[in-house]
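The lines below spell out each chain.
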Amino acid sequence: MTAQRPRLVIVSGLSGAGKNSVLRALEDLGYEAVDNPPLRLVDTLIDSDKPLAIGIDARTRDFSADEVIETLHRLRRSGRAQPELVFAIASPEVLQRRFTETRRRHPLALQGTIGEGIETEQALTRPLRDAADWVVDTSELPLASLRQLIGQRFGDHGPGLSVTLVSFAFPAGVPREADLVFDARFLRNPHYIPDLRPQTGLDATVRAYIESDPDYSEFLSRLSGLIAFLLPRFVREGKKYVTIAIGCTGGRHRSVTIAEALAARLRPRHGAVQVEHRAIGVKQVEAPQQADRQRADRSGPRSAIPGPSGGIRSYMMTGALK
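These numbers were taken from a predicted model, which means no experiment stands behind them.

Basis of the calculations
- Residues numbered from 1 in each chain as written.
- Predicted model: local features only at pLDDT ≥ 70, side-chain atom pairs only at ≥ 80, totals over all residues.
- Heavy atoms only, no water.
- Helix = DSSP H or I, 4+ residues; strand = E, 2+ residues; numbered from the N terminus.
- Contact = heavy atoms within 4.5 Å.
- Areas by Shrake-Rupley, 256 points an atom, 1.4 Å probe, with all protein chains shown as cover.
- pLDDT = per-residue confidence, 0-100.
- Core = buried A, V, L, I, M, F, W, Y, C linked by side-chain atoms within 4.5 Å.
- Buried < 20%, exposed > 50% of the residue type's maximum accessible area, 1.4 Å probe, protein only.
- Salt bridge = Lys/Arg side-chain N within 4 Å of Asp/Glu carboxyl O.
- Pairing = 2+ DSSP bridges.
- Axes fitted to C-alpha atoms, helices over the stretch in contact; angles between N-to-C directions.
- Parallel < 35°, antiparallel > 145°, perpendicular 65-115°, else oblique.
- Left-handed = near helix turned anticlockwise from the far one by under 90°.
- Nonpolar A, V, L, I, M, F, W, Y, C, P; charged D, E, K, R; others polar.

**Some details on the overall build of the chain**
Within the chain one finds 10 helices and 12 strands. Considering only contacts within the chain whose residues lie at least 6 apart along the sequence, 70% involve residues at least 24 apart. Within the structure as shown, the chain displays about 17000 Å² of accessible surface, and the carbon and sulfur contribution to it stands at 50%.

Here's what the structure looks like:
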């Protein structure tokens, strides 16, 4: 069986048309991005384990559109990679406005006008535009829409949206990185039950007590529905990471229970959802039932490292995610 050839995307285009934005979007999708390397190094950069994105434009020393095209042809003939050329353009009026608004000099008009630089670059790069596999016009294209297009075309190598659920205690402060914050303090509090107070939301007896609250089921259903509605829209806007924080008074019972329940609902669709419990020092990527089995086996090994406050932070990692 023939090994799959590594994917190579060469990104070029007119200055101000979004070439760097395309390159960054590919990097977010898992590509190794290299901007303006000497063409002779392309062969050494190709790695079969990771897709590669290379930015090339008229600012490159000894730039030659013919040499870029010849490199593409050579790679296709050799079978070493699956090369594709993306060329970003925009109308002269839009490019003029972008350079004027940012007060940047056009790289090919250090002595002349912006318009002269645009014309010079169009002439130099015309062969690349004609040879491109995909010409993307960013004249009226918002950055979020551009990233969405890149994701649709090249996203099969990307890690997707990374979701982190954080439980925390409100007196300690809301996690600064949180994109969404929810308050679980209206649910019945196990802290006032002597037998449950020393336990956490990772324990079945605490979860059962919280789940018996008449408002628990509806709250969890509405919350998971809202999050399921929002996550695809975050992806559409180009977000790569989202942190959802759930808080309660002590950060040990109600918020932990809700975070674990949300993770169980999100994982079938979103895969490796990370869960971090700030108040009890636990960070994990696993299904809740796996945690139950691990805690039930008290004789089994537990991996632990010192936490930031001198306590023990347990990291329970498994690969049994869908």
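**Considering the confidence of the model for the chain**
Interpretation of this model should avoid reading the predicted coordinates in detail wherever pLDDT is low. Of the residues in the chain, 83% reach a pLDDT of 70 or more, and the chain-wide mean stands at 81. For the chain, per-element mean pLDDT is lowest for strand 12 (residues 312-317), which scores 24, and highest for helix 7 (residues 204-211), which scores 97.

**Brief notes about the nonpolar core**
Grouped together as the largest cluster of nonpolar side chains are 46 residues, with contacts concentrated most on Leu8, Leu26, Leu128, Ile150 and Phe154. Residues contacting leucine 8, with those up to four places away along its chain left out, are Val42, Leu52, Ile54, Leu75, Ala81, Gln82, Pro83 and Glu84. Leu180, Ile210, Leu262 and Ala263 belong to the second largest nonpolar core, which has 29 residues in total.

**Observations concerning the environment of glycine 173**
Summarising the element assignment, glycine 173 is placed in the loop between strand 6 (162-169) and strand 7 (180-183). Take glycine 173: its relative accessible area is 33%, and that puts it in the partly exposed class. Residues glycine 173 and glycine 247 lie 74 residues apart in sequence; the distance between their C-alpha atoms is 9.3 Å.

**Description of the pattern of salt bridges**
Pairs can form between side chains of opposite charge whenever their charged atoms are close. With the rule as written, the count across this model stands at 14 salt bridges. Arginine 7 is the partner of glutamate 84 in a salt bridge, and the nearest nitrogen-oxygen pair spans 3.7 Å. Taken together, the residues glutamate 84 in strand 4 (residues 82-89) and arginine 7 in strand 1 (residues 7-13) connect sequence positions 77 residues apart. With relative accessibility at 18%, the residue arginine 7 sits in the buried group. Across the pair aspartate 57 and lysine 19 runs a salt bridge whose closest N-O atoms are separated by 2.8 Å. With aspartate 57 in the loop between strand 3 (52-55) and helix 3 (65-78) and lysine 19 in helix 1 (residues 19-28), this pair connects stretches of sequence that are 38 residues apart.

**A word on helix 1**
For helix 1, the complete set of buried residues consists of Lys19, Ser21, Val22, Leu23, Ala25 and Leu26. Here the buried face of helix 1 lies against strand 1, strand 2 (32-35), strand 3, strand 4 and helix 6 (143-154). Looking one or two residues beyond helix 1, the residue adopting positive phi is glycine 30, at roughly 105 degrees.

**Points about unusual backbone geometry**
One non-glycine residue with positive phi stands out, namely asparagine 36, at about 55 degrees. In this structure, asparagine 36 sits in the loop between strand 2 and helix 2 (42-45). Asparagine 36 sits in the partly exposed class, given a relative accessible area of 23%.

**Looking at the sheet that holds strand 2**
Strand order in the open sheet formed by 5 strands is 2-3-1-4-5, with parallel pairing between adjacent strands. Taken across any chain shown, the strands that pair with only one partner, and hence form the sheet edges, are strand 2 and strand 5 (134-137). On average, each strand axis in the sheet is inclined to that of its neighbour by 20 degrees, with strand direction left out of account. Relative to strand 3, strand 2 runs parallel, the two sharing 4 bridges. Looking across to strand 3, one finds that aspartate 35 is bridged to glycine 55. Against the sheet, helix 3 touches strand 1 and strand 4, its axis set at about 155 degrees to strand 4.

**Overview of the environment of glutamine 122**
Assignment of secondary structure puts glutamine 122 in helix 5 (residues 114-131). With relative accessibility at 28%, the residue glutamine 122 sits in the partly exposed group. Along the chain, glutamine 122 and serine 15 lie 107 residues apart, while their C-alpha atoms are 9.6 Å from each other.

**Examining the packing of helix 1 against helix 6**
Helix 6 packs onto helix 1 with a crossing angle of 50 degrees between their chain directions and a minimal axis gap of 10 Å. By the criterion of interaxial angle, the relationship of helix 1 to helix 6 is oblique. Handedness of the crossing formed by helix 1 with helix 6: right-handed. Contact residues: helix 1 offers Ser21, Val22, Ala25, Leu26 and Asp28, while helix 6 offers Leu143, Leu146, Arg147, Ile150 and Phe154. Of the residues belonging to the contact of helix 1 with helix 6, the class tally is 7 nonpolar, 1 polar and 2 charged.

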